[in-house]
Number of protein chains: 2
Amino acid sequence: MQYSLAGRMENVKASDIREILKIIGRPGLISFAGGLPPASLFPTEELARLAGDILVKHGGLSLQYAPTEGYVPLREWIVKRLNGHWGMEHIELDNVIITSGSQSGLDLTAKLFINEGDWVFAEAPTYMAALAAFNLCGARFMEMECDDNGVIIDKLEAKLKEHKPKFAYVITNSQNPSGRTWSMERRQAFMEVMTRLEIPVVEDNAYYELCFEELNYRSLATFDPKGLVLSIGSFSKVLCPGLRVAWISGPAELIRKLVFIKQATDLQTSYFNQMLVYDYLCSIDFDQRVEMLCSVYRERRDAMLNELDAQALPGMRYTRPKGGMFLWAEFPEAIDTHQFLNKCIERNVAFVPGRSFYPQTQKNNMARLNFSCMAPELIHKGIRIMCEAASEELDG
Amino acid sequence: MQYSLAGRMENVKASDIREILKIIGRPGLISFAGGLPPASLFPTEELARLAGDILVKHGGLSLQYAPTEGYVPLREWIVKRLNGHWGMEHIELDNVIITSGSQSGLDLTAKLFINEGDWVFAEAPTYMAALAAFNLCGARFMEMECDDNGVIIDKLEAKLKEHKPKFAYVITNSQNPSGRTWSMERRQAFMEVMTRLEIPVVEDNAYYELCFEELNYRSLATFDPKGLVLSIGSFSKVLCPGLRVAWISGPAELIRKLVFIKQATDLQTSYFNQMLVYDYLCSIDFDQRVEMLCSVYRERRDAMLNELDAQALPGMRYTRPKGGMFLWAEFPEAIDTHQFLNKCIERNVAFVPGRSFYPQTQKNNMARLNFSCMAPELIHKGIRIMCEAASEELDG
């Protein structure tokens, strides 16, 4: 059959990462490829205990159809966290909608804003699955140049005025893939421009809580007098990804519209899962859990940085992330990471080539290295193997 | 702020049903409005026991990121059910993708086929939330006239040739809202036309299992030599809605594309929930559970039909469903059900006005009556009150 599909299908392809993950499930592999939080840190036993309790306590309510906005106690918990630790101050219940993972939040946001052919601005590099979600609505992408402190503000205003994007998509804390955290000055300057031009901002805060240093960097929503910022948050990285519970916070008027979109998209997120997340959050000291995760990840980041420093591959550069799960490596230009990956996989080491993280540019010598799901000694070993392979490639 | 939103937002509005459900949560109300399976029939205790076991048994796997296609053992269960009870015969693993509820299946299907302005054919009346999902991709709707046996085939071919729809959306078994089940002759004749014109068919089988009579009516996928049918199925009506686990079956080529779309839409459906559904299915005699549900619903349908027959409101007509959860009532033309609803709510009875179930037509004297979630004596009482109110309205 020759099917007559929608035009958007021309841009739809398998995610590089998900395809790589399928190939490399083999034992013994040192993988810097995934973006997985280590399963050993999931609160499996506590959730096992709570899951049964919820079904007994809430009976059918947890298994029935339920309001699209989400489970009120969980939304209240998020309100409190955003007003407290995230410094947002003015968040109320109507400013929060629960979504089925943050990917679903990106899908809903795309539907809210994007007509076919509309421009969306994004960092270079950026989170590829966000581009995939925006692609489904036919977005065109314009890159925002970045340095270690975030988006470079010079020239941004002119470019924004020229393309009039529907929104800018940014990850200001421990970005996936670059590991970059924006400075406070850059956040403020960026929001001054966006406020002046009245361009919405979609801030993806998946890694917000995973900050290894005493930074107190605040969300862009705290520099938002006009109500332009939608902030996406998630329990995937601080609790576990498999329950698929995340949220969007923002102006009540936009959240209300996102509720209508969600009704038509997936009706609701499982209440059972929302209750499970909520009851778990109530049963622990959340700050303490975050600190525990950060201390594990910090050690792994340090292992990766220390080994990269020790290897000192000529011409290789890499970011020094303040949090999150990833660092971004720039290999010498002679190395095409897409081909180099095969050489590494032969030696049982994997990473994700950087190419597909760019909205427009095709840089072929970049790689995303994940440090969250391997023990420090394996990180040392993997980086050594990778750097040796790169040396050979350069010498050959 | 004046936000510049996507054009699709002009068509996005709150679902009538979800808004009515919010208003009428009050105690003592006899509601024929919702589409809820009764929570008392959920296997709450069994799920409570299994949930803990799964987390202990599968550990982190149930809480980790996982393949988009879905949990293989659950997909295998579905394959077996479709080849067996549903009579499809040629379904394999690659023909099935798990979705986050059937609403999400409708969203993925819309994205697969619909460009803005494309025509979609649908029964009149049809399931309003499907129209909402298709609306998000900018569909235009063309109604297919129906009688008690399904879509009327005469004139259909000419209309299809004229509008060249991307697909036809149909609910062939115990339709929501009409309660209609297509005859086998009509299924065959419909698929002959669709096959000749090579127009895809999206068959929504949410109520397929809830058949109260010995019918053996087969899915449209069993009359599909060219691979045109996508079949949506769900555990919401036979197990519980709150876990948000459903599926789409169809040609492997289309399912593969739906996997890519799902990656960008919500990444995956919770594996924990999928495992819970699967382990529960393995722990019971599924046919026996379906028969139990059918016997409860059958009794409630009979209560509603018997009371409507007894009331014999002049000029009132209604369908006699062979399964599902709904019947469709046509009041005398003098009654506008949208206004009449208020009168009924004053008397503690609720239903959904029929208006919003039509893709194009505006028929004002129709109502959808749900019989699944009230005990028979309350159904008798509610129908009596409703018919008395209608008599007064007509006399006044």
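Residues numbered from 1 in each chain as written. Chains lettered and ligands numbered in written order. Predicted model: local features only at pLDDT ≥ 70, side-chain atom pairs only at ≥ 80, totals over all residues. Heavy atoms only, no water.

(A) Spotlight on the overall build of chain A. For chain A, the count of helices and strands is twelve helices and 15 strands. Over its C-alpha atoms chain A spans a radius of gyration of 21 Å, differing by no more than 12% from the 21 Å that the globule rule assigns to 396 residues. In chain A, buried positions account for 66% of the 396 residues. The long-range share in chain A, meaning contacts at least 24 apart out of those at least 6 apart in sequence, stands at 75%. Surface accessibility of chain A: about 14,400 Å² in total, with carbon and sulfur atoms responsible for 47%. (Helix = DSSP H or I, 4+ residues; strand = E, 2+ residues; numbered from the N terminus. Rg over C-alpha atoms; globule rule 2.2 N^0.38 Å. Buried < 20%, exposed > 50% of the residue type's maximum accessible area, 1.4 Å probe, protein only. Contact = heavy atoms within 4.5 Å. Areas by Shrake-Rupley, 256 points an atom, 1.4 Å probe, with all protein chains shown as cover.)

(B) Spotlight on the side chain of Asn 370 of chain B. Residue and element names in this part refer to chain B. Structurally, Asn 370 can be placed in strand 15 (residues 366-370). Taking the relative accessible area as the measure of exposure, Asn 370 reaches 1% and is therefore buried. There is a polar contact of 3.3 Å between the side chain of Asn 370 and the backbone oxygen of Met 325. At 3.0 Å, the side chain of Asn 370 forms a polar contact with the side chain of Ser 372. (Polar contact = N/O pair within 3.5 Å; in protein donor to acceptor, adjacent residues only side chain to side chain.)

(C) Just unusual backbone geometry, in detail. With an omega of 0°, the peptide bond running from Ala 124 of chain B to Pro 125 of chain B counts as cis. With respect to the secondary-structure elements, Pro 125 of chain B resides in the loop between strand 3 (119-123) and helix 5 (128-135). Located in the positive-phi region is Lys 164 of chain A, a residue other than glycine, with phi close to 45°. For Lys 164 of chain A, the position within the fold is in the loop between helix 6 (156-163) and strand 7 (167-170). Given the relative accessible area of 65%, Lys 164 of chain A is considered exposed. At Glu 198 of chain A, a position not held by glycine, the phi torsion is positive, near 55°. On the secondary structure map, Glu 198 of chain A appears in the loop between helix 7 (184-197) and strand 8 (201-204).

(D) Representation of the environment of Glu 192 of chain A within the structure. Looking at the element boundaries, Glu 192 of chain A is found in helix 7. Separated by 82 residues in sequence, Glu 192 of chain A and Ala 110 of chain A have C-alpha atoms that sit 23 Å apart.

(E) Local environment of the interface of chain A and chain B. Each partner contributes to the interface: chain A provides 82 residues, whereas chain B provides 82 residues. With both sides pooled, the region where chain A packs onto chain B buries about 6,500 Å², and carbon together with sulfur makes up 61% of that total. With a shortest N-O distance of 2.7 Å, Asp 107 of chain A and Lys 111 of chain B are connected by a salt bridge. Taken together, the elements giving at least two residues each to the side of chain A that touches chain B come down to helix 1 (16-23), helix 2 (44-58), helix 4 (101-113), helix 5 (128-135), helix 8 (252-265) and helix 9 (271-283) of chain A. When residues in the side of chain A that touches chain B are grouped by element, the largest group, eight residues, is from helix 8 of chain A. Across the side of chain A that touches chain B, the residue classes tally to 42 nonpolar, 24 polar and 16 charged. (Buried area = accessible area lost by both parts, 1.4 Å probe. Salt bridge = Lys/Arg side-chain N within 4 Å of Asp/Glu carboxyl O. Nonpolar A, V, L, I, M, F, W, Y, C, P; charged D, E, K, R; others polar.)

(F) Quick look at the sheet that holds strand 11 (residues 317-318) of chain B. All names here are of chain B. Pairing is antiparallel in the open sheet, where four strands are placed in the order 11-12-15-14. A strand with exactly one partner marks an edge of an open sheet, and here the two such strands are strand 11 and strand 14 (352-353). Direction of pairing for strand 14 relative to strand 15: antiparallel, over a ladder of two bridges. Following the sheet pairing, Pro 353 is matched in strand 15 by Ala 367. (Pairing = 2+ DSSP bridges.)

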